[in-house]
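Here is how the chains run, residue by residue.
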Amino acid sequence: MKKMQKGHLLIYLILSLGAVLMVGPFIWSILTAFKTLTESLRFPPTFLPAHWGWQNFVDVWQALPFTDYFLNTFWMILGRVLISTIISATAGFAFARLKFKGNNLLFMLVLLTMMIPAQVYILPQYLMISKLGLTNTISALIIPGMASAFGTFLMRQFFMSVPDELEEAAELDGCNTLQLFFQVMLPLAKAPLTSLAIFTSLFAWKDLMWPLIVNMSPEKMPLSSGLALLQGQYTTNYPQLMAGSVIATIPMVILFIIFQKRFVQGIASTGSKN
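Going by the annotation in an unreviewed UniProt entry, the name recorded for the protein chain is ABC transporter, permease protein, with Listeria grayi DSM 20601 given as the source organism. Checking UniProt for the protein chain, the heading Subcellular location (unreviewed entry) contains the comment "Cell membrane". On record in UniProt, under Sequence similarities (unreviewed entry), the comment for the protein chain is "Belongs to the binding-protein-dependent transport system permease family."

Student: Looking at this model, I keep getting lost on the packing of aromatic side chains. Mind explaining?
Tutor: The relative placement of two aromatic rings is captured by the distance of their centres and the angle of their planes. All told, the structure shown has 22 aromatic pairs when counted by the stated rule. Arranged with centres 6.5 Å apart and planes meeting at 55 degrees, the rings of Phe70 and Trp205 form a pair that is tilted. A residue pair is termed long-range when its members are at least 10 positions apart, and Phe70 in helix H4 (residues 66–97) and Trp205 in helix H11 (residues 190–205) qualify at 135 residues. Take Phe70: its relative accessible area is 24%, and that puts it in the partly exposed class. A relative accessible area of 14% means that Trp205 is categorised as buried. With 6.4 Å between their ring centres and 40 degrees between their planes, Phe95 and Phe100 make a pair best called tilted. A residue is classified by how much of its surface remains accessible, and Phe95, at 13% relative accessible area, is buried. Relative accessible area serves as the criterion here: at 33%, Phe100 is assigned to the partly exposed category. Here the aromatic residues Trp61, Phe66, Tyr69, Phe70 and Trp205 are joined through ring pairs into a cluster of three or more. In this arrangement the basic side chain of Lys35 is found over the ring face of Trp28, its NZ or CZ atom lying 4.2 Å from the centre. Taking the ring centre of Phe107 as reference, the NZ or CZ of Arg156 above it sits at 4.0 Å.

Student: Before we go on, may I ask you to explain the domain arrangement of the protein chain in this structure?
Tutor: Many structure descriptions define interface size as the accessible area lost when the parts assemble. Assigned domains of the protein chain: these are domain 1 (29–64 + 230–273) and domain 2 (87–221). Distance from the C-alpha centre of domain 1 to the C-alpha centre of domain 2: 30 Å.

Student: How do you make sense of helix H3 (residues 55–63) when you look at a structure like this?
Tutor: Side chains that are three or four residues apart share a direction in an α-helix, a result of its 3.6 residues per turn. Among the residues making up H3, those that are buried are Asn56, Phe57 and Val60. Mapping the buried residues of H3 onto a view down its axis gives an arc of 100 degrees, with all of them on the same face.

Student: Would you take a moment to explain the environment of Phe47 for this structure?
Tutor: With respect to the helices and strands, Phe47 occurs in the loop between helix H2 (37–40) and H3. The sequence separation of Phe47 and Ser224 amounts to 177 residues, and the corresponding C-alpha distance is 26 Å. Apart from the residues within four sequence positions on either side, Phe47 is in contact with Trp28, Leu31 and Lys35.

Student: Please explain the UniProt feature "transmembrane region" (unreviewed entry) in the protein chain as it appears in this structure.
Tutor: The feature "transmembrane region" (unreviewed entry), as annotated in UniProt, sits at residues 9–31, 74–98, 105–126, 138–159, 180–205 and 241–259 in this numbering. The distance from the first to the last C-alpha atom of residues 9–31 is 31 Å, and the span holds 100% helix and 0% strand. From the first C-alpha to the last, residues 74–98 spans 35 Å; its make-up is 96% helix and 0% strand.

Student: Got a minute to help me understand the pattern of salt bridges in this structure?
Tutor: A side chain with one charge may pair with a side chain of the opposite charge, provided their charged atoms come close. Considering all chains together, one arrives at three salt bridges under this definition. Close ionic contact of Arg80 with Asp207 constitutes a salt bridge, the shortest N to O distance being 3.3 Å. Placement of Arg80 in helix H4 and of Asp207 in the loop between H11 and helix H12 (209–214) is noted, with a sequence separation of 127 residues between them. Exposure remark for Asp207: the relative accessible area of 19% places this residue in the buried category. Taking the shortest distance from any N to any O, the salt bridge between Glu167 and Arg97 comes out at 2.7 Å. With Glu167 in helix H9 (residues 164–172) and Arg97 in helix H4, this residue pair connects regions lying 70 residues apart in the sequence. Given a relative accessible area of 7%, Arg97 falls into the buried group. Residues participating in the shared-partner salt-bridge network are Arg97, Asp164 and Glu167.

Student: Would you explain the nonpolar core in this entry?
Tutor: Side chains that are nonpolar tend, in soluble globular proteins, to be buried together. In terms of nonpolar packing, the biggest core is built from 30 residues, with Phe57, Val60, Leu64 and Phe66 touching the most fellow members. Those elements that place two or more of their residues in this core are H3, H4, helix H7 (138–142), H11, H12, helix H13 (223–228) and helix H14 (238–258). Broken down by element, this core gets its largest block of residues, six residues, from H14. In contact with Leu64, other than residues within four places in its own chain, are Tyr69, Gly226, Leu227 and Leu230. Counting residues in each nonpolar core, the second largest holds 16 residues, with Leu154, Ala170, Cys175 and Met185 among its members.

Conventions and cut-offs
- Residues numbered from 1 in each chain as written.
- Predicted model: local features only at pLDDT ≥ 70, side-chain atom pairs only at ≥ 80, totals over all residues.
- Heavy atoms only, no water.
- UniProt positions renumbered as here; feature names shortened; annotations may be inferred.
- Phe/Tyr/Trp six-rings, centres within 6.5 Å; stacked < 30°, edge-to-face > 60°.
- Helix = DSSP H or I, 4+ residues; strand = E, 2+ residues; numbered from the N terminus.
- Buried < 20%, exposed > 50% of the residue type's maximum accessible area, 1.4 Å probe, protein only.
- Lys NZ or Arg CZ within 6 Å of the ring centre and 35° of its normal.
- Domains from an automatic or database assignment.
- Arc of directions from axis to C-beta.
- Contact = heavy atoms within 4.5 Å.
- Salt bridge = Lys/Arg side-chain N within 4 Å of Asp/Glu carboxyl O.
- Core = buried A, V, L, I, M, F, W, Y, C linked by side-chain atoms within 4.5 Å.

This is the structure we're talking about:
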């Protein structure tokens, strides 16, 4: 019993250390947002600001068109989430439940795209968007995120975990493939679909390189690329940069808190086949 308690204590200590390492930078950015520029550059650094104030938040809100950034980010995320979840759900269902020649080979090709750095796709993606005349548009931000190899993998794992007896019972009741997907499988996939939507939102929210390349107009930039404008060539006002980062982080934190339960359930449900 004592050995087990010591083992649990060691696990808790390791997890606590990991939590501190993960939360530490976020806490430091919040504290820096309340400091003056002189305090942020002081060495050795000070942990707490000498005077707490909201001036950095006011200045950065006035310096950047945050309303436009939030709207652009919202439409980008909405487009990516809706289209990506539909494509990932249908593709995952096909790879998991339909038997056709080359199923495993095609799925391996999908997984291979996850192993290629995203930077490799930037040039052909930009050429495609440019020829379509979609540069400096919201559509240019949505199109590259419409299909997700990770989302296809996530949904395939869930559909594989559904018992075969359920599919057989639906077929005995006269369900065809489309009815099986829409009436049986999709209602069971609420948790993984929520997880996929959160993942897609997070990936879109922090996407930096592609928006900077395809949209040069500040009015069409999302939050990630808009905040990059605060990074100066020679000097940077770090308190204002951190204030902008905190403002941009708040919606994602709220989203995760609201859907935390479904998010965890979705990840757990895709772990193994029953």
